[in-house]
Protein chains: 4
Amino acid sequence: MIVILRQNAEQARIDALMASIRAQGVDIHYSQGTTETILGLVGDTTHVDEDWLRASDIVADVRRVSEPYKLANRRFHPEDTHVPVGDTQIGEGRFAVIAGPCSVESESQLLEVAQAVKASGATCLRGGAFKPRTSPYSFQGLENQGLELLREARRVTGLPIVTEIMSETQLDDFADVDVIQVGARNMQNFRLLKELGHCKKPILLKRGLSSTIEELLMSAEYILSGGNENVILCERGIRTFEKMVRNNLDISMVPIIKQKSHLPVIIDPSHAAGIAWMVEPLARTAIAAGADGLMIEVHNNPKCALCDGAQSLDPAQFDRLMQDVRRRVDFEGKALG
Amino acid sequence: MIVILRQNAEQARIDALMASIRAQGVDIHYSQGTTETILGLVGDTTHVDEDWLRASDIVADVRRVSEPYKLANRRFHPEDTHVPVGDTQIGEGRFAVIAGPCSVESESQLLEVAQAVKASGATCLRGGAFKPRTSPYSFQGLENQGLELLREARRVTGLPIVTEIMSETQLDDFADVDVIQVGARNMQNFRLLKELGHCKKPILLKRGLSSTIEELLMSAEYILSGGNENVILCERGIRTFEKMVRNNLDISMVPIIKQKSHLPVIIDPSHAAGIAWMVEPLARTAIAAGADGLMIEVHNNPKCALCDGAQSLDPAQFDRLMQDVRRRVDFEGKALG
Amino acid sequence: MIVILRQNAEQARIDALMASIRAQGVDIHYSQGTTETILGLVGDTTHVDEDWLRASDIVADVRRVSEPYKLANRRFHPEDTHVPVGDTQIGEGRFAVIAGPCSVESESQLLEVAQAVKASGATCLRGGAFKPRTSPYSFQGLENQGLELLREARRVTGLPIVTEIMSETQLDDFADVDVIQVGARNMQNFRLLKELGHCKKPILLKRGLSSTIEELLMSAEYILSGGNENVILCERGIRTFEKMVRNNLDISMVPIIKQKSHLPVIIDPSHAAGIAWMVEPLARTAIAAGADGLMIEVHNNPKCALCDGAQSLDPAQFDRLMQDVRRRVDFEGKALG
Amino acid sequence: MIVILRQNAEQARIDALMASIRAQGVDIHYSQGTTETILGLVGDTTHVDEDWLRASDIVADVRRVSEPYKLANRRFHPEDTHVPVGDTQIGEGRFAVIAGPCSVESESQLLEVAQAVKASGATCLRGGAFKPRTSPYSFQGLENQGLELLREARRVTGLPIVTEIMSETQLDDFADVDVIQVGARNMQNFRLLKELGHCKKPILLKRGLSSTIEELLMSAEYILSGGNENVILCERGIRTFEKMVRNNLDISMVPIIKQKSHLPVIIDPSHAAGIAWMVEPLARTAIAAGADGLMIEVHNNPKCALCDGAQSLDPAQFDRLMQDVRRRVDFEGKALG
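What counts, and where the lines are drawn
- Residues numbered from 1 in each chain as written.
- Chains lettered and ligands numbered in written order.
- Predicted model: local features only at pLDDT ≥ 70, side-chain atom pairs only at ≥ 80, totals over all residues.
- Helix = DSSP H or I, 4+ residues; strand = E, 2+ residues; numbered from the N terminus.
- Buried ≥ 20, exposed ≤ 12 C-beta atoms within 10 Å, placed from the backbone.
- Contact = placed C-beta atoms within 7 Å.
- Nonpolar A, V, L, I, M, F, W, Y, C, P; charged D, E, K, R; others polar.
- Pairing = 2+ DSSP bridges.
- Axes fitted to C-alpha atoms, helices over the stretch in contact; angles between N-to-C directions.
- Right-handed = clockwise from strand over helix to strand, strands pointing away.
- Least-squares fit on C-alpha atoms with pLDDT ≥ 70 in both.
- Expected span 1.5 Å × (residues − 1).
- Parallel < 35°, antiparallel > 145°, perpendicular 65-115°, else oblique.
- Left-handed = near helix turned anticlockwise from the far one by under 90°.
- Domains from an automatic or database assignment.
- pLDDT = per-residue confidence, 0-100.
- Core = buried A, V, L, I, M, F, W, Y, C linked by C-beta atoms within 7 Å.

For the rest of this paragraph, the subject is the overall build of chain A. The helix and strand inventory of chain A stands at ten helices and 15 strands. Here the C-alpha coordinates of chain A stretch approximately 75 × 45 × 40 Å along the principal axes. The buried share among the 337 residues of chain A stands at 60%. Put simply, of all contacts in chain A between residues at least 6 apart along the chain, 66% involve residues at least 24 apart.

Structure follows, in structure tokens:
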């Protein structure tokens, strides 16, 4: 961490600031130039607060050199993390395909989709029981009944289930869910993240629409620092100025995460695209980028879906996609599932 | 709402779609052109789901003409809403100044700041007891002890208190808080919004960093549709590409809200600027834009603040700001408080 | 095009507006609802000005249904366009690799790089003679001497040359350049685009940092409407809020262009990434997305490059990249060159 | 400027790098820590290229401490600059109002608007003769005939004229224009900027839609470094994710420019808003923020304007606006004109 002091700062004030910094267990290299004086903070600066430094009127600027996340940082954990899910795992040479409807709507809908995606090679079943919707007038999910139907679909197909939690008050109801999803809008719901750190379940943490990669890793750090190492990151498109696509899939996020962190990362092309025909080309780029999996929306009758029908594949489209996915995963030297 | 059909859509499919739409109590005007066919949906389309329409493969595009929010819409509620707070109100010719520290740190800190801002003319006291922080290693607030100190500061100064809630599980603890703040990161925490709709307390709803104005109004709609009419909107800067300022204060949001909605709107220049010297010029623009108030961070010793010190004014700076604010509020024909 | 009228617009005013629209050779479907009246404009609305419509005080909103570009539109030109370059072409099953230094620095530098990229399989040589630089104090290129060196490198290697034009006054000097590049900052330099429309040379049109895809296609339309059909589009990253990457490669742009337009599209991962190690993973995603080629910066000694050294590959790195590119292009059923 | 070296960089490589830096006339402070080594570059680093430093594989990161612009920098030029325009000036206690039509359409249109805005108190006349339009099918301006009409309007009203240049080839035709405007799309047309640096005319430099404030100041630096000190900056809205406004007026740009630079800065609320009713509230915020002037579109018949009619005021609306502007400029202790 580098602290740039204002020109003409009084020496007594500088000495006092340096003493406060050293009291936090950090060493300082002091460089006095003709136009500016620079303090180089050396050691573990994770706990040194940038805001506190900036508030000093002798400080002109503060620049962090090392990352503010530690447990999510590849520097301190060089090997890839893999997260066990059901009988398989996510990460480390495996390629996961999590497929299913945006929301659970009925027993017949869910079972039909679940059996179809299983037959096509999906490795996990997704389905929303509690739905975060922009409008209070939109369908909000079947709630606990939806969870029950997911459990039934797991019994029938054997697929592990992935579903979204909306509040830490629901943790008991999610006790036997295989992977708990934190949605993009809750990426910085810190009360929820803290509680998820105290369970041992796999957490699928979706990047917020306008969250930086560093913020995503800091949210992962909340879960990791609570003691839960099973975090899977998920990119689902970011908000930009472009209007021809619902969200811009940030494909460069995959190599950046692979360099900065050891956590597995998957891509949700359905939410990024917002439209079914674009799911397949974006899925191809995810595999090529080195992602550890895909999350795909599939509905038995997209045009009657209660939410996100426009971006859902039907089972036949998903089956064709999976044939292509298999070839590509194989090309990359990975194995499905 | 306008539905643009694909070229060459079969008439039988069009008829079926139109029947489904009419079944939702909406009339249709049908325009067949040489290159496209357009359905104009007429009536209350608030409950018609755009996603459902887009999912039909005979639909090329859907454009909403009327706003998806109803209770927050000035069209159906032409008079300005004012929200009673303590002995005063926010909105309708009054100009509120909510001031205080980013976080409650100690009894002496809070009382010192509270008495200073009261003396300078603030109309409400702000202070965070539960703090949403990007890093799990940053100070997270004094929590319930912080709430207790806020109550004490209210007893001493008479100022109504404004503080941030982080989860619907905290509602009982917030029972005697005067204004419950929903932070930018929780603007789309729909579980929380629903519960806040069931209490009658004034809610200060902050716009998310990258939330559109329409999304903000839809989040207000969640609270209003639960039965709580006391919603105050707050702009605190949006996330853009610009790096010289922490967030870009979206000043055009004020006239837009005044046109589209009847709800009062205030500005938080401290969070937008991220740096103390810019608070004053941004506060001036807020008054000129027609905002109903300001939210300002004040700390008795900014350079020792446990959070956001860089953007906090000290009591002397706040007092100078208030002298200028008084002149400007008077110029606009409004009254402080 | 759809025109939504204000509630309570006078019928005489509506009739006058409709007459003006019909005078532009466009038919109107008129839908009167209880809350709004909608005019559906049917026919070729390319020349109808949205601004003119919006300026009418009886108009509430205007929505374009059909695209404002015509010659660049796949709807009116269903077959892929391929652009002849030297003995080969860009588009239609061929995969181009345009490689070379950011800027031409010296004869030995350019020849060394040109021979190396030729040996590794590049299909065109790039190199900047005129450099648009943010700072007036940065190296601005060798200018005409740089063009001369590019011609020499072409003689030696046989590779067609691609280089950036900065003003329409330079067209004579660029007469024997094989592909004229329009840089991101000049994407809306309309004087330049018009002049390029009057020559028959291949034009490589780079997307502006914050230009929408529609704006890019409209800039292509400027060139096409001047009579030059040889336009190649290029994505090089867009400006967003994310700080860990210089620009966010908008990979979804490739499938969108392939759907909306018939023009070939290539990807420049070097400028998007801004850093050499990220070029290779981004290049992989470009091939998987269906792009028609890559543009890659290569320098014989990146750490001494006069510009953009950080993102340049050295010849050995480029050779390794090309081995991977070959395998992937082959996997996609395309041929290099 | 601070250079952070990679861990485990060889000492011989470090020494070589330091020698190259010192050869550029810059001193170095060297700080070796346990986890990183930091070089603090001291002196005039304006000419040191960040890219060159980043390209070294022993460099982990480079951070600029001092600004890359010098002539535009308030640090080296503490007094406000004022730019003489006709008999008056822009900056230093004067408040300019530049008003007129988006484009010059006819003699009667221009004279009618010019006389009206003069009567209402405008200090300069604006009008486009050459129009940069997104579509090649939109009206492109009356070109040289438009310039001639502007000269006539100046003779009739005495108002100095402000009009946009599109290429350096037009400089002769603009020889007697009072203020040459560089449009947002040409902000980084460096050939044009260089040529404008060689004339002595006032240049109104508009910020690009997604240009950072630093990039704007660097473009000003191009003009200043050519020897032309008469640069006026103009903010006209930035491109963000928000859809309810055409561009987001970045009001914080005014205090930032006032702190970082000595150049005058004006606001164009017409282009930011994109709609006439929002011009007035945004104009109020510009005055309150401390801007040196406004640029406002006025048309004698907005609903028949050939461009940007939706955002143009009619003369009566402009006259009401000016009454309010006068009161506010007076309140700020400035004088119109």
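Next comes the rest of the account.
Opposite the 41 residues of chain A that make contact, chain B presents 41 residues. Elements with a minimum of two residues in the side of chain A that touches chain B: helix 2 (50-54), helix 5 (190-197) and helix 6 (213-225) of chain A. When residues in the side of chain A that touches chain B are grouped by element, the largest group, five residues, is from helix 6 of chain A. Split by residue class, the side of chain A that touches chain B holds 15 nonpolar, 14 polar and twelve charged.

Once that is clear, we can look at the environment of M166 of chain C. By secondary structure assignment, the location of M166 of chain C is in the loop between strand 9 (161-165) and strand 10 (179-182). With 64 residues separating them in the primary sequence, M166 of chain C and N230 of chain C have C-alpha atoms 19 Å apart. Not counting residues within four places of it along the chain, the set of residues in contact with M166 of chain C comprises F130, P132 and N186 of chain C together with R191 of chain D.

Note on sheets: strands pair through backbone hydrogen bonds, and any given pair is parallel or antiparallel. All names here are of chain D. Taken in spatial order, the four strands make up an open sheet running 2-3-1-4, and their pairing is antiparallel. One side of each edge strand has no neighbouring strand; the edge strands of this open sheet are strand 2 (27-32) and strand 4 (59-63). Averaged over all neighbouring strand pairs, the angle between strand axes comes to 20 degrees, with direction disregarded. Looking at chain direction, strand 1 (residues 2-5) and strand 4 are connected through four bridges and run antiparallel. Following the sheet pairing, I2 is matched in strand 4 by R63. The strands touched by helix 1 (residues 11-22) are strand 1, strand 2 and strand 3 (37-42); relative to strand 2, the strand with the most contacts, the crossing angle is about 155 degrees.

Residue and element names in this part refer to chain A. Counting buried residues along strand 12 (residues 231-235), five of its five residues qualify, which places the element largely inside the surrounding structure. In strand 12, alternate side chains face the same way, and those of V231, L233 and E235 on one face and I232 and C234 on the other are all buried. Examined bridge by bridge, strand 11 (residues 203-206) and strand 12 share four bridges and lie parallel to one another. Within strand 12, the residue paired with I203 across the bridge is V231. A crossover links strand 11 with its parallel partner strand 12, the connecting element being helix 6, and its sense is right-handed. With three bridges joining them, strand 12 and strand 13 (residues 265-267) adopt parallel strand pairing.

A separate point is the relation of the copies chain A and chain B. Between the two copies, chain A and chain B, the superposition gives an RMSD of 0.0 Å; the rotation angle is 180 degrees and the shift along the axis is 0.0 Å. These values place the two chain copies in the arrangement generated by a two-fold rotation axis. Minimal C-alpha separation from the rotation axis in chain A is found for S210 of chain A, amounting to 3.1 Å. Most of the interface of chain A is mirrored in chain B, where 100% of its interface residues are also at the interface.

Before going further, it helps to examine helix 6 of chain A. All names here are of chain A. Over its 13 residues, helix 6 extends 18 Å from the first C-alpha to the last, a length consistent with the 18 Å expected when each residue adds 1.5 Å. Counting buried residues along helix 6, ten of its 13 residues qualify, which places the element largely inside the surrounding structure. Here helix 6 has its buried residues at I213, L216, L217, M218, S219, A220, E221, Y222, I223 and L224. Buried positions along helix 6 lie against helix 5, strand 11, strand 12 and helix 7 (253-260). Downstream of helix 6 by a residue or two, G227 has a phi angle that is positive, lying close to 115 degrees.

Moving on, we come to the relation of the copies chain C and chain B. Note that the two copies of the chain are related through a rotation about an axis and a translation along the same axis. Between chain C and chain B, the superposition needs a rotation of 180 degrees and an axial shift of 0.1 Å, giving an RMSD of 0.1 Å. A high fraction, 100%, of the interface residues of chain C reappear at the interface in chain B, so the copies pair face to face through one surface.

Moving on, we come to the packing of helix 9 (residues 279-289) of chain B against helix 10 (residues 315-331) of chain B. All names here are of chain B. Between helix 9 and helix 10, the shortest axis-to-axis distance is 10 Å and the interhelical angle comes to 20 degrees. Between helix 9 and helix 10, the crossing angle belongs to the class labelled roughly parallel. Of the two possible hands of crossing, helix 9 and helix 10 adopt the one that is right-handed. Of the residues in helix 10, those in contact with E280, A283, R284 and I287 of helix 9 are L321, V325, R328 and V329.

So, about the environment of K201 of chain C. All names here are of chain C. Relative to the helices and strands, K201 resides in the loop between helix 5 (190-197) and strand 11 (203-206). Overall, K201 belongs to the partly exposed group, with 18 C-beta atoms counted inside 10 Å. Counting along the chain gives 22 residues from K201 to V179, while the straight-line C-alpha distance between them is 6.5 Å. Beyond its immediate sequence surroundings of up to four residues, K201 is in contact with I180 and N230.

On to the sheet that holds strand 1 (residues 2-5) of chain A. Residues and elements named next belong to chain A. Read across the sheet, four strands follow the order 2-3-1-4 without closing on themselves; strand pairing throughout is antiparallel. Each edge of the open sheet carries a strand with a single partner, namely strand 2 (27-32) and strand 4 (59-63). For this sheet, the mean angle separating the axes of adjacent strands, direction not counted, is 20 degrees. As paired strands, strand 2 and strand 3 (residues 37-42) are joined by six bridges and run antiparallel to one another. Bridged to D27 within strand 3 is V42. Contacts between helix 1 (residues 11-22) and the sheet are confined to strand 1, strand 2 and strand 3, with strand 2 contributing the most and set at about 155 degrees to the helix.

Turning next to the interface of chain C and chain B. Each side of the interface is counted separately: chain C has 20 residues, and chain B has 20 residues. Broken down by secondary-structure element, the contributors of at least two residues to the side of chain C that touches chain B are strand 1 (2-5), strand 2 (27-32), strand 3 (37-42) and strand 4 (59-63) of chain C. Here the residues of the side of chain C that touches chain B are counted per class, giving six nonpolar, nine polar and five charged.

For chain A, the assigned domains are domain 1 (2-63) and domain 2 (74-336). Computed from C-alpha atoms alone, the centre-to-centre distance between domain 1 of chain A and domain 2 of chain A is 43 Å.

What follows deals with the confidence of the model for chain A. Here chain A averages 92 in pLDDT, and 99% of its residues register 70 or above. Taken together, the chains of this predicted complex give a pTM of 0.92 and an interface ipTM of 0.91.

Another aspect to go through is the packing of helix 9 (residues 279-289) of chain A against helix 9 (residues 279-289) of chain C. It is the contact of helix 9 of chain A with helix 9 of chain C, at a shortest axis distance of 8 Å, that shows an interaxial angle of 150 degrees. The angle between helix 9 of chain A and helix 9 of chain C falls in the class roughly antiparallel. Read as a crossing pair, helix 9 of chain A and helix 9 of chain C show a hand that is right-handed. Touching P281, R284, T285, I287, A288 and A289 of chain A of helix 9 of chain A are P281, R284, T285, I287, A288 and A289 of chain C, all from helix 9 of chain C. Of the residues belonging to the contact of helix 9 of chain A with helix 9 of chain C, the class tally is eight nonpolar, two polar and two charged.

With that settled, the discussion passes to the environment of G25 of chain D. Along the chain, G25 of chain D turns up in the loop between helix 1 and strand 2. Sequence separation of G25 of chain D and H47 of chain D is 22 residues, and the distance between their C-alpha atoms is 9.9 Å.

This part covers the nonpolar core. If you look at soluble globular proteins, the nonpolar side chains tend to sit buried side by side. Ranked by size, the top nonpolar core spans 456 residues in total, and within it I232 of chain A, I232 of chain B, I232 of chain C together with I232 of chain D carry the most contacts. With residues near it in sequence (within four places) discarded, I232 of chain A still touches V83, I90, P202, I203, L204, L205, L263, P264 and I266 of chain A.

Residues and elements named next belong to chain C. In the Ramachandran plot, E92 falls in the positive-phi region, its phi being about 55 degrees despite a non-glycine side chain. Structurally, E92 is set in the loop between strand 6 (88-90) and strand 7 (94-100). Given 13 C-beta atoms within a 10 Å radius, E92 is considered partly exposed.

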